[in-house]
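Chain by chain, the residues run as shown.
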Amino acid sequence: MKSSADVHSPAVIDSCNIKLVDPERVAAVHARMPSEEDVVDTADVFGLLGDPRRLKLLVALLDGELCVCDLAAVAGMTESSTSHALRLLRAHRVVSVRRDGRMAYYRLDDAHVRMLVDLAVAHTEHTDAIHPERNQ
């Protein structure tokens, strides 16, 4: 029977004989590495973009602000699920809201978000992704 130490210890074939091939480059990369908190926050943003329904909402907002009802119609979602998705996106400063009376109009928060969405869509439009998990 394997002990917990056996399960968690790395395999010998996974170890490097040379610990640093280019120490100067490693130091330079390490110096410009964002803080752990910033890396986690960035991963959270990519996680938000990784949901097809939320991504549809963001693509819809590339053309400018829309109200929740219009976003729901464009994305094929209920108003409730649209509102929930927008709350998550807003909490991470991916979208912002403008209120006009009882109406709420959402827009992409800034040019960085627009660039992320534009680049992601452009990337998929010019590449043929391999999806082994999908049946052909």
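Numbers given to residues run from 1 along each chain, matching the order in which its sequence is written. Thresholds applied to this predicted model are a pLDDT of at least 70 for local features of residues and 80 or more for the giving and counting of side-chain atom pairs; totals over whole chains, interfaces and linings are not thresholded and use all residues. As a convention, hydrogens and water are excluded, and side-chain values are obtained from all of the structure's heavy atoms.

Q: Teacher, can you tell me more about the overall build of the chain here?
A: Runs of E in the DSSP output that reach at least two residues are strands. Runs of H or I that reach at least four are helices, and both are numbered from the N terminus. Assigned secondary structure in the chain consists of seven helices and three strands. Along the chain, helices (α) and strands (β) appear in the sequence α-α-α-α-β-α-α-β-β-α when read from the amino end. When burial is assessed residue by residue, the chain has 21% of its 136 residues classed as buried. In this analysis, two residues are considered to be in contact whenever any of their non-hydrogen atoms come within 4.5 Å of each other. Put simply, 46% of the contacts in the chain that link residues at least 6 apart link residues at least 24 apart. Working definition of accessibility: Shrake-Rupley area with a 1.4 Å probe, residue cover restricted to the visible protein chains. Accessible surface, the chain: about 10,700 Å² in total, of which carbon and sulfur atoms supply 56%. In this scheme, a residue with accessible area under 20% of its type's maximum is buried, one over 50% is exposed, and one in between is partly exposed, where area comes from a 1.4 Å probe on protein chains only.

Q: Teacher, can you tell me more about the nonpolar core here?
A: Generally speaking, a soluble globular protein has its nonpolar side chains buried in company with each other. Residues enter a nonpolar core if they are buried and are Ala, Val, Leu, Ile, Met, Phe, Trp, Tyr or Cys, with the set joined through side-chain atoms within 4.5 Å. Judged by nonpolar contacts, the single largest core of 23 residues is most densely connected at Leu-58, Leu-86, Val-94, Val-95 and Tyr-106. The set of elements that each furnish at least two residues to this core consists of helix H3 (36–49), helix H4 (52–60), helix H5 (68–75), helix H6 (79–91), strand E2 (95–100), strand E3 (103–108) and helix H7 (111–125). In this view, Leu-58 contacts Leu-49, Leu-89, Val-94, Val-95, Leu-108 and Val-117; residues no more than four positions away in its chain are not counted.

Q: Is there a simple way to explain the sheet that holds strand E1 (residues 66–67) in this structure?
A: Hydrogen bonds between backbone atoms are what pair the strands of a sheet, whose relative direction is either parallel or antiparallel. When DSSP locates at least two bridges between a pair of strands, those strands are taken to pair. With respect to topology, three strands assemble into an open sheet ordered E1-E3-E2, the strand pairing being antiparallel. On the outer flanks of this sheet lie E1 and E2, each paired with one strand and no other. Looking at chain direction, E2 and E3 are connected through six bridges and run antiparallel. Its bridge partner lying in E3, Arg-99 is registered against Ala-104.

Q: Please explain the pairing of E3 as it appears in this structure.
A: When a strand is regular, its side chains alternate between the sheet's two faces. When E1 meets E3, the two strands line up antiparallel, connected through two bridges. When the bridges of E3 are listed, Cys-67 appears paired with Tyr-105.

Q: Would you explain the side chain of Ser-96 in this entry?
A: Among the secondary structure elements, Ser-96 is positioned in strand E2. Other than its neighbours up to four places away in sequence, Ser-96 contacts Tyr-105, Tyr-106, Arg-107, Leu-108 and Asp-109.

Q: Is there a simple way to explain the pattern of salt bridges in this structure?
A: Think of it this way: side chains of opposite charge can pair up when their charged atoms draw near. Salt bridge, as used here: a side-chain nitrogen of Lys or Arg that lies within 4 Å of a carboxyl oxygen of Asp or Glu. All chains considered together, the criterion is met by three salt bridges. With a shortest N-O distance of 2.4 Å, Arg-98 and Glu-65 are connected by a salt bridge. On the criterion of sequence distance, the pair formed by Arg-98 in strand E2 and Glu-65 in the loop between H4 and E1 is long-range, its members being 33 residues apart. For Glu-65, a relative accessible area of 31% corresponds to the partly exposed category. One continuous salt-bridge network, built from bridges that share partners, spans Glu-65, Arg-98 and Arg-107.

Q: Is there a simple way to explain a nonpolar patch on the surface in this structure?
A: Taken together, the side chains of Val-29, Met-33 and Val-39 present a nonpolar region at the surface, about 220 Å² in accessible area. Within the fold, Met-33 resides in the loop between helix H2 (23–32) and H3. A relative accessible area of 48% means that Met-33 is categorised as partly exposed. Two joining distances apply to patches: 9 Å for like charges and 5 Å for nonpolar side chains (Val, Leu, Ile, Met, Phe, Trp, Tyr), and every residue must have over 30% relative accessible area and no salt bridge.

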